[in-house]
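# Summary of structural features
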Amino acid sequence: MSLATPGVVSPRAMDDLDQLEAQSIFVLREAYRKLRPLSLLWSLGKDSNVMVWLARKAFMGRVPFPVMHVDTGKKFPEMYAFREEYTRKWNLDLMLGDCPPVEEIDPSLPPAARSAARKTAGLASLIEKHKLRGVIAGIRRDEQATRAKERVFSPRGAGHRWDVRNQPPEFWDQYATPYEDGMHIRVHPLLSWREIDIWRYIERENIPLVDLYFAKNGKRYRSLGDQDITSPIDSDASTLAEVIAELEASKTSERAGRAMDHESEDAFERLRVAGYL
Amino acid sequence: MTTNDLPPSLRAAATPIVIVGHVDHGKSTLIGRLLYDTDSLQDGKLAQIVESSRKRGLTVEWSFLLDSLQIERDQGVTVDSTRIPFHLGGREFVIVDAPGHRQFLRNMITGAADAEAAVLVVDALEGAQEQTRRHAMLLRLIGIRHVIVLLNKSDLLDFDQERIAQAETDVRALLGRLEITVEAFVPASARDGDNIASRSERAPWYTGPTLVEALAAVPAPASRLALDFRMPVQDVYRFDDVRYVAGRIDRGVIRAGDRIMIGVQGQQATVAEICRWHAPETPVAGAGESIALRLEPDLVPDRGDLLFPVSGAGEPPLKTARIRTRLFWLRSEPLRVGESFTLRLSTAEHDVTVASIDAVVDLDDLTLAPGEEVPPDGFAEVTLVAAHAILFDPFAPGYSDGRGVLVDRFQRIVGGAPLLGEAELPEGTHAIHPTASRVTALQRRALQGHEGAVFWLTGLPGSGKSTIARLVEKDLVASGVRASVLDGDTLRAGLCADLGFSPEDRRENIRRAAHVARILAESGQVVIVALVSPLAEDRALASQIVGEGFHEIHVDASLALCETRDPKGLYAAARAGRIPDFTGVSAPYDAPAAPRLRIDATGSPESAAEALGSFITTRIA
Ligand SMILES: Nc1nc2c(ncn2[C@@H]2O[C@H](COP(=O)(O)OP(=O)(O)OP(=O)(O)O)[C@@H](O)[C@H]2O)c(=O)[nH]1
Ligand SMILES: [Mg+2]
């Protein structure tokens, strides 16, 4: 037991990343306390790796609930290798979910939306199968204008629908709890983080990533969706520092390379209301 | 937050600024314009906005930058709040767009509650309106100290100095009544960009700041490090045989070796270690940090227990079971005395009951007046009593102390209740501290398969209320519903044996029946009350006592028919003058104007019972 003399050591000043981190840890601890069974969606991308990392911060180096990967079967090979390696290294309890074949999805949807709907269906069956009450997802407000309207604890009713017109109040760190059977809460610990914050945090904490994010032959991925609906951007940023510098100068949106955001004005809202992330 | 203490090499967290005001006064337009004028828009965003505006037959509608939902664009109204990062003069802000429509007040609070400063947007032509006053009141209740007023649409006044000065006087007077100081008053046009990022050429007389200049002058959040240590326990973990007491430090500083008290029980312990994962090891932590503590001895506190320094080291928190609060009410039904809630205070949860409504805010002139109930979206001073003493620090603007939130038995957040301090015990009263059930409506529902509710049958003597009630009770129970009947004659034989038939006694009879019905309904029962209950006023009292789940049902049969039926020979006796105050004969019956259900009681009791039975089944599903 160390007996420090009061007044000698001062606490470390908290910068912006420290504050985001502390808030996310608080949110993850609330979820773990209030929502059981709970699981974290690990898409293998940069945001969800940060989320796993924050969970380890919250729970002293471990993730005390399963993580899920909804596998579309269309991810890049590098991502599957990454999944194997870090499931082991981070000692994760990994649950895999399959997606129904695309032929089973509403053919009237535009192609990318149809592919997103597959993922929604895969997620829905994992939630049903494990009777989850809490699902932790790594969405951020700055990604997309309807995500900007989200709550940190976002209730999903029957059929997992997002009732955008009728969201519960959320203030003073008091979050919604499930009030009906069959509903679950989507928990969004990264909602207030911006893309640049994620990268600076990855750099500061030295969080591993698939190297698709770093430029090869003048191209890199800024966001990783399915192989068939995500395209790389022109970039020479091949290190973390270069990616951060590039983002600081950039004014284009992260999801510019994601087809489904652009198919029609309301496409993304309709996907999200139906249960997409 | 600790921004004030930050060395210049560290980046400060973004300062949240909320934009509030009456519907259509131009909040979303203002933000769109601000982002555009300060070159903060992502590439392609402007083209998208132009396209969405054109599709709806509009010229550039800046509000579409924030109003991303289809319903918002189609209706031209903000439904939910949005937060967008915004960079200004080397400083990060988060601009929060809040809806102005009253129907979305809960979303306005969601956006505003953690803001450092607010911009109150007032339409120059319309002046302050109802939501302007409501939002101003809320700014005060949630503790926002720095308020900038933007007189928008000043183009409609041609930036006329005199008329703008008049508008300024009015708004300042209004905010003065709420003890809100106006830090800046900016006459502007959000649509045209006057005095937003650049000075208006149309108001050369104006020498005050532009909005951008006013925002740059918002002070950094106050530091909470110098205050006495507080940490509410969030959870207790046991990993690999080590017990961790997890939580976020609300204020102050904690060091390894410090002695602390735990919760109301006041057990003492020493902080053996401050634990973090993958972080520099320091034996000290300050306000805002999420940490875990190891205690010596290895006690197991509960979630919600407040950790604070042992006595002698600083001010202890207040400890009381009677709490004065200033409340904002978000439920669509009014709040009444006697209702019970869970009071969430940081991570703690306490059962509380509304002991009194001490004053209600009149939104027309923002004065306080006595009142029986708090209307939806209303404000009031209310006394809460808890079943046991609770620990808290009184609410203070800019700090996280005393931020009470009320949650109903359906787990819904129904109001905010900044805790102001200890309430005086009213003189000569015997303080009652009712305890609330730990069983939720959800649990009861799951157990029983239906909701509890009250079906209040009113009708003339002889209309068939009791017969119908008993038939329905039998059918419901046969189909697995927990139903019971409170019948007038049964009550009068026991619980109300001391009462006669004077108007006062009839009212008391109804009051008692309603309270019993409420207790039963809250325990999950379906209660069918069969009571003449002739006066509309008395039935309104019953409805008020029961609250949610009250259904007024008129068992309707004409006086002539009831009199010919006369199953108990009462009408004959009344006509003969042997029964005084007999409803229909010598006492009035007010038929309900708008019952939830009217049952035609001229046919067979079985068909009436069937109609009532199917009505009840749909209401409790
Ligand atoms: N003349 C004039 N019109 C304006 C100005 N600012 C906004 N408007 C118009 O006022 C209307 C309402 O603007 P919004 O920005 O949607 O109002 P709001 O306050 O965000 O409304 P809610 O969010 O629904 O409460 C729009 O038609 C704007 O074009 C201004 O400075 N001058
Ligand atoms: Mg708006």
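Residues numbered from 1 in each chain as written. Chains lettered and ligands numbered in written order. Predicted model: local features only at pLDDT ≥ 70, side-chain atom pairs only at ≥ 80, totals over all residues. Heavy atoms only, no water.

## Concerning the overall build of chain B
Per the secondary structure count, chain B includes 15 helices and 28 strands. Reported as C-alpha extents along the three principal axes, the dimensions of chain B are approximately 95 × 70 × 50 Å. Partitioning the contacts of chain B with sequence separation of at least 6, the portion at a separation of at least 24 is 71%. Total accessible area on chain B is roughly 25,800 Å²; 51% of this is exposed by carbon and sulfur atoms. (Helix = DSSP H or I, 4+ residues; strand = E, 2+ residues; numbered from the N terminus. Contact = heavy atoms within 4.5 Å. Areas by Shrake-Rupley, 256 points an atom, 1.4 Å probe, with all protein chains shown as cover.)

## What about the coordination of the magnesium ion (ligand 2)?
The magnesium ion (ligand 2) binds to the protein through Ser28 of chain B (OG) and Thr78 of chain B (OG1); the donor distances cover 2.0 Å. Of this pair, Ser28 of chain B sits in helix 1 (residues 27–37) while Thr78 of chain B sits in the loop between helix 3 (70–75) and strand 2 (82–88), and the two are 50 residues apart along the sequence. (Donors = N, O, S within 2.8 Å, 3.2 Å for Na, K, Ca; no water.)

## So, the site of ligand 1
All names here are of chain B. Residues in contact with ligand 1 amount to 21 residues; listed here are only the nearest, Lys27, Ser28, Thr29, Thr78 and Asp155. One of the side-chain N or O atoms of Asn152 is found 3.0 Å from an oxygen atom in ligand 1. Here ligand 1 loses 87% of its free accessible area of 660 Å² to cover by the protein chains. It is helix 1 that contributes the most residues to the shell around ligand 1, 3 residues altogether. Considered class by class, the residues forming the shell around ligand 1 number 4 nonpolar, 11 polar and 6 charged. (Near = heavy atom within 4 Å. Polar contact = N/O pair within 3.5 Å; in protein donor to acceptor, adjacent residues only side chain to side chain. Nonpolar A, V, L, I, M, F, W, Y, C, P; charged D, E, K, R; others polar.)

## A short note on a nonpolar patch on the surface
Residue and element names in this part refer to chain B. Taken together, the side chains of Tyr36, Leu46, Val50 and Val60 present a nonpolar region at the surface, about 290 Å² in accessible area. Here Tyr36 shows up in helix 1. When its relative accessible area of 38% is taken as the criterion, Tyr36 is described as partly exposed. (Patch = residues over 30% accessible without salt bridge, like charges linked within 9 Å, V, L, I, M, F, W, Y side chains within 5 Å. Salt bridge = Lys/Arg side-chain N within 4 Å of Asp/Glu carboxyl O. Buried < 20%, exposed > 50% of the residue type's maximum accessible area, 1.4 Å probe, protein only.)

## Section: the packing of aromatic side chains
All told, the structure shown has 28 aromatic pairs over all chains when counted by the stated rule. Consider the rings of Tyr32 of chain A and Phe65 of chain A, whose centres lie 6.0 Å apart with planes at 50°: the pair is tilted. Residue Tyr32 of chain A is located in helix 1 (residues 16–34), and its partner Phe65 of chain A is located in the loop between helix 2 (46–58) and strand 2 (67–71); the two are separated by 33 residues in the primary sequence. Phe65 of chain A matches Tyr32 of chain A in its accessibility class, with the two residues each being buried. Both rings, one in Trp456 of chain B and one in Phe550 of chain B, keep their centres 5.8 Å apart while their planes meet at 40°; by these two values the pair is tilted. On the criterion of sequence distance, the pair formed by Trp456 of chain B in strand 24 (residues 453–458) and Phe550 of chain B in strand 27 (residues 550–556) is long-range, its members being 94 residues apart. Here the two residues Trp456 of chain B and Phe550 of chain B agree in accessibility, since each one is buried. (Phe/Tyr/Trp six-rings, centres within 6.5 Å; stacked < 30°, edge-to-face > 60°.)

## Notes on the domain arrangement of chain A
With domains assigned, chain A is organised as domain 1 (16–194 + 265–273) and domain 2 (209–259). Just the C-alpha atoms count here: the centres of domain 1 of chain A and domain 2 of chain A sit 22 Å apart. (Domains from an automatic or database assignment.)

## Thoughts on the interface of chain B and chain A
Across the contact, 93 residues belong to chain B and 65 residues belong to chain A. For the pairing of chain B and chain A, the buried interface totals around 6,900 Å² over both sides, and the portion due to carbon and sulfur atoms is 55%. Per-residue buried area on chain B facing chain A is highest for Arg11, Arg248 and Trp277 of chain B; these three make up 11% of the total on that side. Counting across the interface, chain B meets chain A through 9 salt bridges. Across the pair Glu349 of chain B and Lys34 of chain A runs a salt bridge whose closest N-O atoms are separated by 2.9 Å. The interface formed by chain B and chain A contains 30 residue pairs in polar contact (both at pLDDT 80 or more). Of all the elements, strand 23 (residues 413–422) of chain B adds the most residues to the side of chain B that touches chain A, at 5 residues. Taken together, the residues of the side of chain B that touches chain A break down into 44 nonpolar, 24 polar and 25 charged. (Buried area = accessible area lost by both parts, 1.4 Å probe.)

## Overview of the pattern of salt bridges
Any two side chains of opposite charge can pair, given that their charged atoms come close. Residue and element names in this part refer to chain B. A full pass over the atoms with the stated rule returns 74 salt bridges over all chains. With its nearest N and O atoms 2.9 Å apart, the salt bridge here joins Glu51 to Arg54. With Glu51 and Arg54 both in helix 2 (residues 45–55) and 3 residues apart, the pair spans about one turn of that helix. Given a relative accessible area of 37%, Glu51 falls into the partly exposed group. Overall, Arg54 belongs to the exposed group, its relative accessible area being 53%.

## Focus on the domain arrangement of chain B
All names here are of chain B. Domain annotation for chain B reports domain 1 (3–216), domain 2 (231–309), domain 3 (318–422) and domain 4 (441–620). Placing a centre on the C-alpha atoms of domain 1 and another on those of domain 3 gives a separation of 29 Å. Between domain 1 and domain 3, the contact holds 17 residues from the first and 18 residues from the second. Of the roughly 1,600 Å² buried between domain 1 and domain 3 on both sides combined, carbon and sulfur atoms contribute 66%. Sorting the residues of domain 1 by area buried against domain 3 places Arg133, Met137 and Leu141 first, and these three jointly supply 34% of that buried surface. On the surface where domain 1 and domain 3 come into contact, there are 2 salt bridges.

## Observations regarding the pairing of strand 27 of chain B
All names here are of chain B. Most of strand 27 sits inside the fold, with 6 of its 7 residues counted as buried. Bridging between strand 27 and strand 28 (residues 597–600) involves 4 bridges; their strand directions are parallel. Within the sheet, the bridge partner assigned to Asp556 lies in strand 28 and is Asp600. (Pairing = 2+ DSSP bridges.)

## Notes on the packing of helix 9 (residues 465–478) of chain B against helix 15 (residues 605–620) of chain B
Residues and elements named next belong to chain B. Look at helix 9 against helix 15: their axes get within 9 Å of each other, and the N-to-C directions meet at 55°. The angle between helix 9 and helix 15 places the two elements in the oblique class. In terms of crossing hand, the pair formed by helix 9 and helix 15 is right-handed. Across the interface between the two elements, Thr467, Ile468, Leu471, Val472 and Leu476 of helix 9 pack against Pro605, Glu606, Ala608, Ala609, Leu612, Gly613, Ile616 and Thr617 of helix 15. A per-class count over the contact of helix 9 with helix 15 returns 9 nonpolar, 3 polar and 1 charged. (Axes fitted to C-alpha atoms, helices over the stretch in contact; angles between N-to-C directions. Parallel < 35°, antiparallel > 145°, perpendicular 65-115°, else oblique. Left-handed = near helix turned anticlockwise from the far one by under 90°.)

## As for the sheet that holds strand 5 (residues 146–152) of chain B
Strand pairing in a sheet takes place through backbone hydrogen bonds and is either antiparallel or parallel in direction. All names here are of chain B. With mixed pairing, the 6 strands of this open sheet are ordered in space as 2-3-1-4-5-6. Unpaired on one side and paired on the other, strand 2 and strand 6 (182–187) mark the two borders of the sheet. With strand direction ignored, the average angle separating the axes of adjacent strands in the sheet is 25°. Contacts from helix 1 reach strand 1 (15–21), strand 2, strand 3 (91–97), strand 4 (117–123) and strand 5 within the one sheet, and its direction differs from that of strand 3 by about 150°.

## Concerning helix 5 (residues 130–142) of chain B
Residue and element names in this part refer to chain B. With 13 residues, helix 5 should reach 18 Å at 1.5 Å per residue; the first-to-last C-alpha distance of 18 Å fits that figure. For helix 5, the tally of buried residues reaches 11 of 13 residues, placing the bulk of the element in the interior. Gln131, Thr132, Arg133, Arg134, His135, Ala136, Met137, Leu138, Leu139, Leu141 and Ile142 are the residues of helix 5 that are buried. Within two residues after helix 5, Gly143 carries a phi angle of roughly 90°, on the positive side. (Expected span 1.5 Å × (residues − 1).)

## Looking at empty space enclosed by the protein
All names here are of chain A. Overall, the coordinates contain 6 cavities of 30 Å³ or more when judged by the stated rule. Looking at the second largest cavity, its volume works out to about 110 Å³. Along the walls of the second largest cavity sit 13 residues, with Leu41, Ser43, Val70, Lys119 and Leu277 positioned nearest its centre. Going through the elements one at a time, strand 2 and helix 4 (111–129) are the ones with two or more residues in the lining of the second largest cavity. Tallied by class, residues from the lining of the second largest cavity come to 7 nonpolar, 4 polar and 2 charged. (1 Å grid on protein atoms, 1.4 Å probe; cavity = no way out; pocket = protein on both sides within 12 Å on 5 of 7 lines; lining within 4 Å. Points joined across faces, edges and corners; volume = space filled by probe spheres on them.)

## Examining the pairing of strand 24 of chain B
Residues and elements named next belong to chain B. Strand 24 sits mainly inside the fold: 6 of its 6 residues count as buried. Judged by which residues are buried, strand 24 turns out to be covered on both faces: Ala453, Phe455 and Leu457 on one side and Val454, Trp456 and Thr458 on the other are all buried. Bridge analysis of strand 24 against strand 26 (residues 526–530) gives 5 bridges, and the strand direction is parallel. When the sheet's bridge partners are listed, Trp456 is paired in strand 26 with Val529.

## So, the sheet that holds strand 2 of chain A
All names here are of chain A. Strand order in the open sheet formed by 6 strands is 3-2-1-4-6-5, with mixed pairing between adjacent strands. Edge positions in the sheet fall to strand 3 (94–98) and strand 5 (153–156), since each has one partner strand and no second. Across this sheet, the average inter-strand angle for adjacent strands is 30°, counted without regard to direction. The sheet contact formed by strand 4 (residues 134–136) and strand 6 (residues 184–187) spans 3 bridges and is parallel. If you follow Ile136 over to strand 6, its bridge partner there is Val187.

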